[in-house]
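Each chain is listed here by its residues.
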Amino acid sequence: MQITTLPLGRMQANGYIVKADDGTAAVVDPGDEAERLLRYLNGEELRVTAVWLTHGHFDHIGAAAALRTVFSCPIVALAAEASLLADPQKNLSSVFSPAPLSLTADTLLADGDTFSFGGETVEVLHTPGHTSGSCCYKLGDRLFTGDTLFDGSVGRTDFPTGDPTALSLSLGRLAAIPDDLCVLPGHGAATTLAVQRTVNPYMR
């Protein structure tokens with residue numbers, strides 16, 4: 001399993017291409033620059049089988065519909081995020097994006113759900129706070145955290161459906177994971193849970 005990070009759009013949200021050994025790929029949070037993503041995927045001769053969304057903000061979903069059209073692949077998100085994905089005001093695209101975005105996920109997940117990718121199991125963790133339907137995807141020793149957890153910081157909670165109390169509980173859940181997972185956040189550099197337990201004030 002190989003993971004490539006592409007910071008996308010003016011917000012430089014991390015889009016992740018997860019490559020399996022059989023030439024298939026999943027794309028996590030394709031936030032923008034659909035043409036750039038497609039050039040990369042075609043150049044690597046990858047076939048996208050799914051788009052995984054950690055949450056529904058505009059800077060994480062902007063290229064999802066284009067990937068679904070080109071590859072006929074499902075968009076996956078937490079069921080609790082469905083209304084935010086569909087509402088341009090809640091997903092902030094009506095404020096920050098040139099064109100309002102309304103997106104419907106094809107597969108709606110719940111906390112604790114699992115699915116298979118590349119012969120490995122992906123576990124879904126509901127981590128509300130940044131938005132009500134924010135989630136993390138655990139794949140082996142890697143954890144895609146979206147805007148729930150950054151290196152030294154966390155996602156803000158003053159946008160629609162944000163909740164600081166819920167975020168604190170979600171961070172406590174992540175801090176309690178016994179394994180030292182590699183954290184792949186929605187913005188900024190990768191880190192580990194062990195490092196964040198030490199340096200991140202929001203996880204203490």
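Because the structure is a prediction, the values reported are computed rather than measured. (Residues numbered from 1 in each chain as written. Predicted model: local features only at pLDDT ≥ 70, side-chain atom pairs only at ≥ 80, totals over all residues. Heavy atoms only, no water.)

(A) Inspection of the sheet that holds strand β6 (residues 107-109) at higher detail. The 6 strands lie next to each other as β1-β2-β3-β4-β5-β6, forming an open sheet whose pairing is mixed. Looking at which strands have only one partner, the edges of the open sheet turn out to be β1 (2-8) and β6. If you compare each strand with its neighbour and ignore which way they point, the axes differ by 25° on average. Across 5 bridges, the pairing between strand β3 (residues 24-28) and strand β4 (residues 47-52) is parallel. Residue pairing across strands places Ala 25 opposite Val 48, the latter belonging to β4. Packing of helix α1 (residues 34-43) onto the sheet brings it into contact with β1, β2 (13-19), β3 and β4, and relative to β1 it is tilted by some 155°. Running at roughly 145° to β4, helix α3 (residues 64-71) makes contact with β3, β4 and β5 (75-78) of the sheet. (Pairing = 2+ DSSP bridges. Helix = DSSP H or I, 4+ residues; strand = E, 2+ residues; numbered from the N terminus. Axes fitted to C-alpha atoms, helices over the stretch in contact; angles between N-to-C directions. Contact = heavy atoms within 4.5 Å.)

(B) The pairing of strand β8 (residues 120-126), seen in detail. Direction of pairing for strand β7 (residues 114-117) relative to β8: antiparallel, over a ladder of 4 bridges. For Ser 116, the partnering residue across the bridge sits in β8 and is Thr 121. Taking the residues that link successive antiparallel strands as the turn, the β7-β8 hairpin has 2 residues, and the phi of Gly 118 there is positive, at about 60°. The sheet contact formed by β8 and strand β9 (residues 135-139) spans 5 bridges and is antiparallel. Bridge pairing in β9 places His 126 opposite Cys 135.

(C) Quick look at the pattern of salt bridges. By the definition in use, this model includes 5 salt bridges. Between Arg 68 and Asp 106 there is a salt bridge, with its nearest N and O atoms 3.0 Å apart. With Arg 68 in helix α3 and Asp 106 in the loop between α5 (93-96) and β6, the pair connects residues that are 38 residues apart, well separated along the chain. Judged by its relative accessible area of 23%, Arg 68 falls in the partly exposed class. For Asp 106, a relative accessible area of 45% puts it in the partly exposed group. Salt-bridge contacts for Arg 173 lead to Asp 111; the nearest nitrogen and oxygen are separated by 2.9 Å. Note that Arg 173 is positioned in helix α6 (residues 164-175) and Asp 111 in the loop between β6 and β7, a separation of 62 residues in sequence. With relative accessibility at 41%, the residue Asp 111 sits in the partly exposed group. (Salt bridge = Lys/Arg side-chain N within 4 Å of Asp/Glu carboxyl O. Buried < 20%, exposed > 50% of the residue type's maximum accessible area, 1.4 Å probe, protein only.)

(D) Representation of unusual backbone geometry within the structure. For Gln 12, which is not a glycine, the phi torsion comes out positive at approximately 50°. The topology assignment puts Gln 12 in the loop between β1 and β2. Residue classification places Gln 12 among the partly exposed residues on the basis of a relative accessible area of 42%. Phi at Glu 45 is positive, roughly 55°, even though this residue is not glycine. Inspection of the secondary structure puts Glu 45 in the loop between α1 and β4. For Glu 45, a relative accessible area of 70% corresponds to the exposed category.

(E) Local environment of a negative patch on the surface. Residues Asp 21, Asp 22, Glu 120, Asp 141, Asp 179 and Asp 180 make up a contiguous surface patch of negative charge. Relative to the assigned elements, Asp 21 resides in the loop between β2 and β3. (Patch = residues over 30% accessible without salt bridge, like charges linked within 9 Å, V, L, I, M, F, W, Y side chains within 5 Å. Areas by Shrake-Rupley, 256 points an atom, 1.4 Å probe, with all protein chains shown as cover. Lys, Arg positive; Asp, Glu negative; His and termini not counted. Charge placed at Lys NZ, Arg CZ, Asp CG, Glu CD.)

Geometric descriptors of this kind do not, in isolation, establish any biological role.
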